[in-house]
Amino acid sequence: GKERMKWWTEARFGMFIHWGVYAQFAGVYKGHEQARGGAEWIMNRCKIPVAEYQAAAKKFNPVHYNPDEWVRMAKEAGMKYLIITAKHHDGFALFRTAASKWNVVDASPYGRDLLKPLAEACRKYGIKLGFYYSQAQDWNNPGGSAARKLMREGWPNPDSARIDAYTLTHKGHWDPAQETVSFDEYINKVSVPQVKELLSNYGDIAILWWDTPTNMTDEAALKLQEQLKLQPHIITNDRLKRPNFPGDTKTPEQKIPDFSELDGKYWETCMTMNGTWGYRTSDNNWKSSETLIQNLIDIASKGGNYLLNIGPKPDGTFPKESIDRLKAIGDWMKVN
Ligand code: JFZ
């Protein structure tokens, strides 16, 4: 209840991190600039075959990854918590997992769990740690769902017109490898076990941030929710499954609600600093530091939280533009 939400309501400001194999594509597939959607969607937008996408992980080697520095930057910007994509829709686990070979330890030359040292850094700096986990949508683990984002008959996808006809008749999938097992099997053998791992192996986990409940059933949602008992104080958002699974917090995306929309719920606006969640080389549409600070003030004054995104580069560093903005926000925090 209220006691569990106390730290969250006082936090006001957190860091969102979208990171995975998609960072390597950085919005470009075979010379084609992705036309729609965030760069973390490139596999789906461009209908990249499973084997080809997985081959890209063989070059995923973030040798400059320094989680201590990441968390210190968050801390100095005045952030109180951090939520990282433990697994986004591309299904790539940034952690050691026994439930799928499609993870950083087994499928990349880096070969080490990325979340362990991040959890340690969070403990060191007193920053609460949360995991984003794409529970239903998964384009690489067979059986996972694939949202047919922006796809209708007669409205060709500029990123993959060739293969739209196939996705229309295959529930959004584009590669037969994605349909070798059922959705239920995916939930039971990948999703549930991985959530269990995430809630067991990294100490205190403050937040579980579900996303895109495509194909979710009440049965699957109940199994996932059951795992939350492993972290009695955990806070969740409203994206496990709609309806019936409201979670604790609402998640307006890329926008700050008006007073009239707030209706006494806990809410958190998640937002990008430019136009993409995952790293994209060509996106220079950066919001100014002034705008970001004004957003924070606006949100805080309305009782919400601001979850501001960083899309790290494939080498493990933050884009310079993001670092500059975090510093500017931190400087403002010190005098206010
Ligand atoms: C989802 C993801 O597909 C996206 O890649 C990113 O992770 C973002 C934070 O979440 O996108 C959504 C999910 C929900 C809405 C919009 C985009 N929504 O409810 O309006």
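One can find the structure itself at the top, above this paragraph.
Computed from a prediction, not measured in an experiment: that's the story for all the values here.

J.: Hey, could you run me through the packing of helix H9 (residues 183–200) against helix H10 (residues 218–227) in this one?
T.: Two packed helices can be described by the angle between their axes and the distance between those axes. Between H9 and H10, the least distance of the axes is 9 Å, while the angle of their chain directions is 20°. Relative to H10, H9 is oriented roughly parallel. By crossing handedness, the relation of H9 to H10 is classed as right-handed. Between H9, through Ile 187, Asn 188, Ser 191, Val 192, Val 195, Lys 196 and Leu 199, and H10, the contact on the second element is made entirely by Ala 220, Lys 223, Leu 224 and Gln 227. Taken together, the residues that form the contact of H9 with H10 break down as six nonpolar, three polar and two charged.

J.: Explanation requested: the environment of Thr 212 in the structure shown.
T.: With respect to the helices and strands, Thr 212 occurs in the loop between strand E6 (207–210) and H10. In the structure, Thr 212 is positioned 46 residues away from Tyr 166 in sequence and 22 Å away in space, judged by C-alpha atoms. With residues up to four places along the chain from it excluded, the contact list for Thr 212 reads His 89, Ser 134, Ala 136, Gln 137 and Arg 239.

J.: Hey, could you run me through the sheet that holds strand E7 (residues 235–236) in this one?
T.: Note: strands within a sheet are paired through backbone hydrogen bonds, in either parallel or antiparallel orientation. With respect to topology, eight strands assemble into an open sheet ordered E7-E6-E5-E4-E1-E10-E9-E8, the strand pairing being parallel. Looking at which strands have only one partner, the edges of the open sheet turn out to be E7 and strand E8 (249–250).

J.: Which parts of the structure should I look at to understand the site of the ligand?
T.: In the neighbourhood of the ligand, the contacting residues comprise Phe 16, His 18, Glu 40, Trp 41, His 88, His 89, Tyr 132, Asp 211, Thr 212, Arg 239, Glu 253 and Trp 277. One nitrogen or oxygen atom from the side chain of His 89 is found 2.8 Å from an oxygen atom belonging to the ligand. In this structure, Tyr 132 approaches the ligand through a side-chain N or O atom, which is 3.5 Å from an oxygen atom. For the shell around the ligand, a count of residues per class yields four nonpolar, four polar and four charged.

J.: How do you make sense of the pattern of salt bridges when you look at a structure like this?
T.: Between side chains of opposite charge, a pair can form as their charged atoms come close. Applying the stated criterion across every chain yields a total of 19 salt bridges. Lys 6 is paired through a salt bridge with Glu 10; the nearest N and O atoms lie 3.3 Å apart. Note that Lys 6 and Glu 10 are positioned in helix H1 (residues 2–11) at a spacing of four residues, about one turn of the helix. Glu 219 is paired through a salt bridge with Lys 223; the nearest N and O atoms lie 3.9 Å apart. Of the two residues, Glu 219 and Lys 223 are both situated in helix H10; the distance of four residues between them amounts to about one turn of the helix. Among the residues examined, Glu 219 registers a relative accessible area of 49% and is labelled partly exposed.

J.: Would you mind showing me how to read the pairing of strand E5 (residues 128–133) here?
T.: Strand residues, when the strand is regular, have side chains that alternate between the two faces of the sheet. In terms of burial, E5 is largely enclosed, as five of its six residues are buried. Here six bridges tie strand E4 (residues 81–87) to E5, and the two strands are oriented parallel to one another. When the bridges of E5 are listed, Ile 84 appears paired with Phe 131. In this structure, E5 lies alongside E6, joined through four bridges in parallel fashion. Across the sheet, the residue bridging to Gly 130 is Ile 207, located in E6.

What counts and what doesn't
- Residues numbered from 1 in each chain as written.
- Predicted model: local features only at pLDDT ≥ 70, side-chain atom pairs only at ≥ 80, totals over all residues.
- Heavy atoms only, no water.
- Axes fitted to C-alpha atoms, helices over the stretch in contact; angles between N-to-C directions.
- Helix = DSSP H or I, 4+ residues; strand = E, 2+ residues; numbered from the N terminus.
- Parallel < 35°, antiparallel > 145°, perpendicular 65-115°, else oblique.
- Left-handed = near helix turned anticlockwise from the far one by under 90°.
- Contact = heavy atoms within 4.5 Å.
- Nonpolar A, V, L, I, M, F, W, Y, C, P; charged D, E, K, R; others polar.
- Pairing = 2+ DSSP bridges.
- Near = heavy atom within 4 Å.
- Polar contact = N/O pair within 3.5 Å; in protein donor to acceptor, adjacent residues only side chain to side chain.
- Salt bridge = Lys/Arg side-chain N within 4 Å of Asp/Glu carboxyl O.
- Buried < 20%, exposed > 50% of the residue type's maximum accessible area, 1.4 Å probe, protein only.

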